[in-house]
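So you can see what is in the structure, the chains are spelled out below.
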There are 4 protein chains.
Amino acid sequence: MRELIVKGVRIDDTFAEAFEMRATALTITADSARWARQAAVTTMGFGTSVIGCGCEAGIDRELTPEETPDGRFGVRVLLFAVSRTELQQQLQNRVGQCVLTSPGSACYAGLHGEETLELGNAVRFFGDGWQISKRFGGRRYWRLPVMDGEFVCEATTGLAKQAVGGGNLLVMGASAGGTLAAAEAAVKAIDAVPDVIMPFPGGIARSGSKVGSKYKARASTNEAYCPTLRGAVNSALDEDVASVLEIVIDGLTREAVAAAMRAGIAAVVRLGPKRGAVRLGAGNYGGKLGPYHFHLKDLRP
Amino acid sequence: MRELIVKGVRIDDTFAEAFEMRATALTITADSARWARQAAVTTMGFGTSVIGCGCEAGIDRELTPEETPDGRFGVRVLLFAVSRTELQQQLQNRVGQCVLTSPGSACYAGLHGEETLELGNAVRFFGDGWQISKRFGGRRYWRLPVMDGEFVCEATTGLAKQAVGGGNLLVMGASAGGTLAAAEAAVKAIDAVPDVIMPFPGGIARSGSKVGSKYKARASTNEAYCPTLRGAVNSALDEDVASVLEIVIDGLTREAVAAAMRAGIAAVVRLGPKRGAVRLGAGNYGGKLGPYHFHLKDLRP
Amino acid sequence: MRELIVKGVRIDDTFAEAFEMRATALTITADSARWARQAAVTTMGFGTSVIGCGCEAGIDRELTPEETPDGRFGVRVLLFAVSRTELQQQLQNRVGQCVLTSPGSACYAGLHGEETLELGNAVRFFGDGWQISKRFGGRRYWRLPVMDGEFVCEATTGLAKQAVGGGNLLVMGASAGGTLAAAEAAVKAIDAVPDVIMPFPGGIARSGSKVGSKYKARASTNEAYCPTLRGAVNSALDEDVASVLEIVIDGLTREAVAAAMRAGIAAVVRLGPKRGAVRLGAGNYGGKLGPYHFHLKDLRP
Amino acid sequence: MRELIVKGVRIDDTFAEAFEMRATALTITADSARWARQAAVTTMGFGTSVIGCGCEAGIDRELTPEETPDGRFGVRVLLFAVSRTELQQQLQNRVGQCVLTSPGSACYAGLHGEETLELGNAVRFFGDGWQISKRFGGRRYWRLPVMDGEFVCEATTGLAKQAVGGGNLLVMGASAGGTLAAAEAAVKAIDAVPDVIMPFPGGIARSGSKVGSKYKARASTNEAYCPTLRGAVNSALDEDVASVLEIVIDGLTREAVAAAMRAGIAAVVRLGPKRGAVRLGAGNYGGKLGPYHFHLKDLRP
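Each value, and the rule that gives it
- Residues numbered from 1 in each chain as written.
- Chains lettered and ligands numbered in written order.
- Predicted model: local features only at pLDDT ≥ 70, side-chain atom pairs only at ≥ 80, totals over all residues.
- Heavy atoms only, no water.
- Helix = DSSP H or I, 4+ residues; strand = E, 2+ residues; numbered from the N terminus.
- Rg over C-alpha atoms; globule rule 2.2 N^0.38 Å.
- Contact = heavy atoms within 4.5 Å.
- Least-squares fit on C-alpha atoms with pLDDT ≥ 70 in both.
- Expected span 1.5 Å × (residues − 1).
- Bend = angle between axes of the 7 residues up to and from the residue.
- Domains from an automatic or database assignment.
- Buried area = accessible area lost by both parts, 1.4 Å probe.
- Salt bridge = Lys/Arg side-chain N within 4 Å of Asp/Glu carboxyl O.
- Polar contact = N/O pair within 3.5 Å; in protein donor to acceptor, adjacent residues only side chain to side chain.
- Nonpolar A, V, L, I, M, F, W, Y, C, P; charged D, E, K, R; others polar.
- Buried < 20%, exposed > 50% of the residue type's maximum accessible area, 1.4 Å probe, protein only.
- Pairing = 2+ DSSP bridges.
- Axes fitted to C-alpha atoms, helices over the stretch in contact; angles between N-to-C directions.
- Left-handed = near helix turned anticlockwise from the far one by under 90°.
- Phe/Tyr/Trp six-rings, centres within 6.5 Å; stacked < 30°, edge-to-face > 60°.
- Lys NZ or Arg CZ within 6 Å of the ring centre and 35° of its normal.
- Disulfide = S-S within 2.5 Å.
- Core = buried A, V, L, I, M, F, W, Y, C linked by side-chain atoms within 4.5 Å.
- pLDDT = per-residue confidence, 0-100.

### A few points about the overall build of chain A
Looking only at helices and strands, chain A has seven helices and 18 strands in total. In terms of overall dimensions, chain A is globule-like: its C-alpha atoms have a radius of gyration of 21 Å, near the 19 Å expected for 301 residues. Along the first, second and third principal axes, the C-alpha atoms of chain A reach 65 × 40 × 30 Å. In chain A, the proportion of contacts linking residues at least 24 apart, taken out of those at least 6 apart, comes to 74%.

Next comes the structure, spelled out in C-alpha cells:
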C-alpha cells in the first residue's frame, strides 16, 4: 500500500468503506442549556454500535434559542440504525425513557422530509387519554400532561433513507499520548461539521474489530492493528506505531461524512507527527461490502 | 393524609414503596479523570428505567488514583436490574460496547462478595484467542489486545442480591423554578451518599407514572400529580403546588436508600419553601407490592 | 359475586377485561398443506405473551387453494403487539427468520385496510440488490431470489388499530382431567371463530398471573386461583374446584372476541359439569384498566 | 472443486464450517404425549437463527415415561446460543412463557455436568413467595403453585460449553420436488441421531445467506446458490441443478454433528439422483472463521 506524506504525516492510500443506514434527527429543548444537554446525553448514551446497542447515537450540536422551535436552549441529536423499524423502535424508546422524563424538556423534529418516523405519535400513549393534539405553523404537536406541566412533542420527525454509517479514520501514533492528542484534535474538528456524529465514547474507539470470530455471530479484535501482537500476527503496523485509535463517523449524507473525514485529516496533519500522529489510515473490507468508499487521498488537505 | 411541617415545608405522612432488585458495581479507570468519566457516562446512558432500558444505571462517585486498583483516575458505577440474568446481559453488553471501546480504559469489580457476575469472563471472547488470563493479589484478570495496547478487565464482579429499587421523593413547589431548585439541591445531597444512584436524567424525573393504562402492558402518566389536570381528575395536589419533580433512588442496600432519602429531605427542608419546595411526598402502590417501605416521618431532619 | 347456573355449570357474574392492541394478519402459502402449516407453526412459536415474547401470535385457520392469492395451500396467522412499532419489528423479524427460510413458502397480506405495515418492503433487503418489485391486480409484491427459486412476498399488509387483547375464560373443574376436557372443548369451538387466536400452548394457560410482585417489574402467580393455596390465601375457589385453566383470546375486533368467548362458553356448558367443568369465570382488574369488558352473562348460551 | 460420485450422487470435495456455541437441554413432561409435544413446539418456536431469534432451538426426541424423571411422557429439547448469558436469558424466558404456562407441564434438566444454568432458580420468582424448594435423589427442584396444581421445575440444568453450531448440508436437485424429497429424507435420518437439532422450519432452510450486505450489519442472499441468478452471477450451480435446500445442524458435541451429517448424506445417497438430489455440498467461509471443519469425503457412505 503506497502512501502520501503530508507535513510529515503518512497517509495510507486506502479508503473507508461505509454502509447505507437509516437515520433521523431530533431537537431537544429545555429551560436551560444545561438541562437540554443533560437530556441529550442521557438519551444518546449506550449508543456506540448498532450490534450491541440497537442504534448509533450522538449529539450533532448545541442550538441557540434563536434556532429552536420554542425559543429555548436546545441540542440537535442524530440516531442511526440498520432499518427503519429498528430506528423507529430506538427513537420512541429513547425519547419515552429519557426525553419525556427529563425536567422541562420538549422534543421536535430535527429534520423534515417526505418520509417520516413517529415521534409524538408514538409516545403520546403515555398520556392515557389526557394527551391533546394541536396544529401550529403547519405542523402537528402532542401535549402530554406531566408532573412539571406539559411535555410538548412534535407528531413526527423526518427519516433520512440514504444516511451513511461507518466512515472512519485510523489515527496511528508513536506514543499513547500523541495518538490521543491527534484523535482529540480530529474529534474537535469533526464536531464542527454539521450532520455527523461520532458514536463512540468521546468520539473515539480503541477497539478495532474484524468481522467474524471463532465464536458464532461475534465480532472480535482486529489483531492486525494491535501493537502488542505485532510479532505474533501479520501486522498492519509499522515499527514506529505504538498506539492506534479509530474515529467512526455516521452522517446524514455522503457529503457530510466526506466533510467530516476531511476535517479530521486536516486536524491531524495540522497537529503534526511530533505532537500527534505519524500515520493515518482507514478501515475497509476490501471494498466488497459497503457501497460507499471514501478514499483518503481525495480528502487530504 | 396528615402531614408534618418542618421549617415551613410540608412533609406528607406517607412512604416510598420500593422493590427487591439485583445490582452490581464497576470501577472504570482511565489515564485521566476526563476519560474515566467519559467512559462511565457513555456506559451508563439510556439507563433510566428497567422497563424501557433493561437496567437502571448511574454513577456512584468519582475515585482518586489512591482508590483504584491500577492507581489511575476512576469512576464507580452501579447497575440495577430485575433479575440476575438481565443484569448479567446488561453488564456485559454495556462493558463490551462502551468501556472496552473507550481510549485507555480498564474495568474492575466495584464490589466483592460471595456471589459474582461474569465481567472479563464474558467480554474476553473479543480477544479471539489472543486474550491472556493473569492472577494478581488473589484476583483474576483478563488482558485483551486492543489498538491502543491492552484492555485489562477483572474476571468477575460482585452481585448484590438484596439491592433496593424505587426509593423516591416527590418534590412539590409553587413554581417551576423553585421546584427545580429544590430537586437539584436534593440531587446534590444524595450524590454524596455512597452506594446509591438516581437513574433519571440529571437525577430527576418529571414524568410520574402509574401502573397500567388502557393499552395493554404500558405505563401511563399519573394524572393525580399533573398540575394541568387538577380540575379534571381526583388530584393529589394542593392549590399552591404548580410543579412536581420526582427523585428515584436505587441503592445497594436498604440502609443506603434510607440514607439517601434522608439526605434529600434535609436538603429540601434546608432550602425552604420560599426558594425551593413547599411540600414533600413519596410514591407508593398502597403498600401491597414492594416489600420495602420508607416512611418520610422516620427520615425527616 | 352472584352466579348463573346453566345446565349445571355455574357462570360467575363477572367480566373479562381486555385491552387495545395493534394487530396484523398474514397468509402463508406453500406447495403442500403440510409445509404451509410448518412455516406457520415455526413463525408463530414463542408468542404467548407480549411481555416475554414481544407479541402474541397464533394460527387463525387453514386456507384452501381457492382462498389464497397463489392458488396453493395456506394458513392465516395473526400477530398482536402493544404498539405499531413492536408489531412491525416482530412481523419482519418473524417473517425474515421463519417464512422466508421455509421451503417453497410465499407470504401475503392477511388483511387489507387504510393503514399498513411493511411486509415485503421490510424483508426485501435480504435480496442484496437482486430483489424485483412487480405489481399485479392492484397490489405490489417483491420477488427475492432464494436457493429453491423465489420468495414472493406482498409489499405491505394491513394494520388493525383497534384490535383487542386479553379476552379470557377461566375454566374450573372438579378434577384435572375434567377441567382439561372442558378447556379443550372450548379451544376447539373457538378455533372455528374467525379473526381470533388463543396464544398460549395449545390455546390454554394454566398459569394465571396478577399484576405486580414483590420483585420490581415482574408478574407473579395469582394465588387466589391456585388450588394448592386455598387454605393459605383469600381464595377465589369453591370447595369443589380442584383445577383451573385459562383460555386467553386476542381478536381483530371486539365482536370477534365476543363471538369467541360465546363459543367457548357454549362448548363448556355443552360438555356439562360431570365430564367437564363445574364453573366458568373470567379475569379482570376491577374494570379500571382495560376499556373492553366482556360480561359472561351477555355471552351465555 | 473435485467431487466424488456415490451411487450417482455427486458429493463436493468441500466441508461444512461450524462454530463454537453454548448449549443446554431440557426435558419437558406432561400428562400426555400430546401436551408434552405441544409445550415443546411452542417453547422452541421462532428459534431458527441466533441473529434474529436469540437462540437456535428444536426438539431432539420424544421420551417414553420410562425415560423421564416423573414417569410421564416427555420431549427432550435443545437450545443453542452465542454466549452463556444469551442462553440463560433465552432459557428462562422461553420456559417462563411457554413451559410454565402449559397445562400439566413439568421441566427438568436435559443434561448434567459441572457447569450449570439456572432453570427453576430463574423462574421460581413467579411464585411470589409461595414457591417451595425440595431435594430429591440428590437434585433440587422448585414447586410453584399454578392454577392446575403445581409446576415442578428442576433448579438447574447443564451447560454444554463446547457445543457446535452450523453443521450443514446443501442438497441440490434437478427439480423442486426431488430436492425436497431428498432433504426430507435427510431430515428424517438426522432426527434419529441423538444430541442434534435442525433449527429451521421442518429442519430445512431454503434461504442460503452470505456474511455481509450493502446494508450495515445484515445478512443477505447467497446469490451463488440461487438458480434464478445463474446467468447473472458467478454461480456455484451446475446446469442440472434447479433447486437447493440446506439442512443446518447444531449439536451438543462435534461427534454428534458429524454423525448427523453422515446420516443425512447416507439418506440422500440412498434415495438416489432420480427420485432425490443429484448433488451434495456444504457451506463454509473458506475455513477462516469457524474452528470445526466437517469434510464431506470423511462422512460419505
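### Some remarks on the relation of the copies chain A and chain B
Take chain A, turn it by 180°, move it 0.0 Å along the axis, and it overlays chain B with an RMSD of 0.0 Å. This pairing of chains is accounted for by a two-fold axis. Scanning chain A for the C-alpha nearest the rotation axis identifies A:Gly45, at a separation of 1.8 Å. Same-surface contact between copies: 100% of interface residues of chain A are shared with the interface of chain B.

### A short note on helix H6 (residues 254–275) of chain C
The end-to-end C-alpha separation of H6(C) is 31 Å, in line with the 32 Å expected for 22 residues at 1.5 Å each. Along H6(C), the helix axis deviates most sharply at C:Val269, where the bend reaches about 45°; the proline C:Pro273 sits within four residues downstream.

### Section: the domain arrangement of chain A
Residues and elements named next belong to chain A. Parsing chain A into structural domains produces domain 1 (2–18 + 162–299) and domain 2 (22–160). The distance between the C-alpha centroids of domain 1 and domain 2 comes to 30 Å. Contact with domain 1, which involves 15 residues of that partner, is made by 15 residues of domain 2. Surface buried jointly by domain 1 and domain 2 totals about 1,100 Å² across both partners, of which 61% is contributed by carbon and sulfur atoms. Looking only at domain 1, the three residues that lose the most surface to domain 2 are Ile197, Pro199 and Leu252, adding up to 45% of its buried area. Along the contact surface separating domain 1 from domain 2 lie one salt bridge. At the surface where domain 1 touches domain 2, the tally comes to two residue pairs in polar contact (both at pLDDT 80 or more).

### Concerning the interface of chain A and chain B
Contacts between the two partners involve 66 residues from chain A, matched on the other side by 66 residues from chain B. Summed over both sides, the interface of chain A with chain B buries roughly 5,700 Å², with 64% coming from carbon and sulfur. When the buried area of chain A at its contact with chain B is split by residue, A:Phe46, A:Met147 and A:Arg206 rank highest and sum to 19% of it. With its nearest N and O atoms 2.9 Å apart, the salt bridge here joins B:Asp148 to A:Arg206. Here chain A and chain B share 28 residue pairs in polar contact (both at pLDDT 80 or more) between them. Looking at the side of chain A that touches chain B residue by residue, the class counts come to 31 nonpolar, 23 polar and 12 charged.

### Focus: the pairing of strand E2 (residues 9–12) of chain A
Both faces of the sheet carry side chains from a regular strand, because those side chains alternate between them. All names here are of chain A. Here E2 shows no split at all, with Val9 and Ile11 on one side and Arg10 and Asp12 on the other all buried. In this structure, strand E1 (residues 3–6) lies alongside E2, joined through four bridges in antiparallel fashion. Looking at E2, one finds that Val6 is bridged to Val9. Hairpin connection, E1 to E2: the antiparallel pair is bridged by two residues, and Lys7 has positive phi, about 50°. Sheet topology places E2 next to strand E17 (residues 279–281); two bridges connect them, and they run parallel. Paired with Ile11 across the two strands is Leu280, which belongs to E17.

### Remarks on the interface of chain C and chain D
Taken together, the 66 residues of chain C in the interface contact 66 residues of chain D. Per-residue buried area on chain C facing chain D is highest for C:Phe46, C:Met147 and C:Arg206; these three make up 19% of the total on that side. Where chain C meets chain D, there are four salt bridges. Linking chain C to chain D there are 28 residue pairs in polar contact (both at pLDDT 80 or more). Considering only residue class, the side of chain C that touches chain D consists of 31 nonpolar, 23 polar and 12 charged.

### With respect to the relation of the copies chain C and chain D
Rotating chain C by 180° and moving it 0.0 Å along the rotation axis overlays it on chain D with an RMSD of 0.0 Å. A high fraction, 100%, of the interface residues of chain C reappear at the interface in chain D, so the copies pair face to face through one surface.

### Side note on unusual backbone geometry
Glycine aside, negative phi is the norm for most residues, and most peptide bonds take the trans geometry. Although it is not a glycine, C:Asp128 sits at a positive phi angle of roughly 50°. When you line up the elements, C:Asp128 lands in the loop between helix H4 (120–123) and strand E8 (132–136). When its relative accessible area of 17% is taken as the criterion, C:Asp128 is described as buried. Not every positive phi belongs to a glycine, and D:Lys7 is a case in point at roughly 50°. Note that D:Lys7 resides in the loop between strand E1 (3–6) and strand E2 (9–12). The class of D:Lys7 is exposed, set by a relative accessible area of 68%.

### Looking at the pattern of salt bridges
A complete count under the given rule lists 72 salt bridges over all chains for this structure. The shortest N-O distance in the salt bridge between B:Arg37 and B:Glu62 comes to 2.1 Å. Highlighted residues: B:Arg37 in helix H1 (residues 33–44) and B:Glu62 in strand E4 (residues 56–63), separated in sequence by 25 residues. According to the relative accessible area criterion, B:Glu62 is partly exposed, its value standing at 38%. The salt bridge partner of D:Asp60 is D:Arg76, with a shortest N-O separation of 2.8 Å. One end of the pair, D:Asp60, is in strand E4 (residues 56–63); the other, D:Arg76, is in strand E5 (residues 73–81), and 16 residues separate them in sequence. Each of A:Arg10, A:Asp12, A:Asp238, A:Asp240 and A:Arg279 takes part in one network of salt bridges that share partners.

### Some words on the packing of helix H5 (residues 176–191) of chain A against helix H6 (residues 254–275) of chain A
All names here are of chain A. Put simply, H5 and H6 touch, their axes get as near as 8 Å, and they point 145° apart. Remark: the crossing between H5 and H6 carries right-handed chirality. The segment H5 lies against H6, with Gly178, Ala181, Ala182, Ala185, Ala186, Ala189 and Ile190 engaging Ala260, Ala263, Gly264, Ala267, Val268, Leu271 and Arg275. For the contact of H5 with H6, the per-class residue count stands at 11 nonpolar, two polar and one charged.

### Let's talk about the packing of aromatic side chains
Across all of its chains, the model carries eight aromatic pairs over all chains by this definition. Lying over the aromatic face of B:Phe46, A:Arg94 brings its terminal NZ or CZ to 4.2 Å of the ring centre.

### So, the state of the cysteines
For the structure shown, the criterion picks out zero disulfides over all chains. Cysteine B:Cys107 remains unbridged, with the sulfur of B:Cys153 as its closest cysteine sulfur at 4.7 Å.

### Overview of H5(A)
When the terminal C-alpha atoms of H5(A) are compared, their 22 Å separation across 16 residues agrees well with the 22 Å that a helix rising 1.5 Å per residue should span. Those residues of H5(A) lying buried are A:Gly178, A:Thr179, A:Leu180, A:Ala182, A:Ala183, A:Ala186, A:Val187 and A:Ile190. Buried-residue contacts for H5(A) involve strand E12 (160–173), strand E13 (196–197), strand E16 (243–251) and H6 of chain A together with H1 of chain B.

### Describing the nonpolar core
Core analysis: the biggest nonpolar cluster contains 69 residues, and A:Ile247, A:Ile249, A:Met261, A:Phe294, B:Val95, B:Cys107 and B:Phe151 have the highest contact counts within it. The element best represented in this core is H6(A), accounting for 10 residues. Apart from the residues within four sequence positions on either side, A:Ile249 is in contact with A:Val164, A:Gly165, A:Gly166, A:Gly167, A:Ile190, A:Val196, A:Ile197, A:Met198, A:Val257, A:Ala260 and A:Met261.

### So, the confidence of the model for chain A
Per-residue pLDDT for chain A averages 94, and the proportion of residues at 70 or more is 97%. The ipTM assigned to the predicted complex is 0.95, against a pTM of 0.86.

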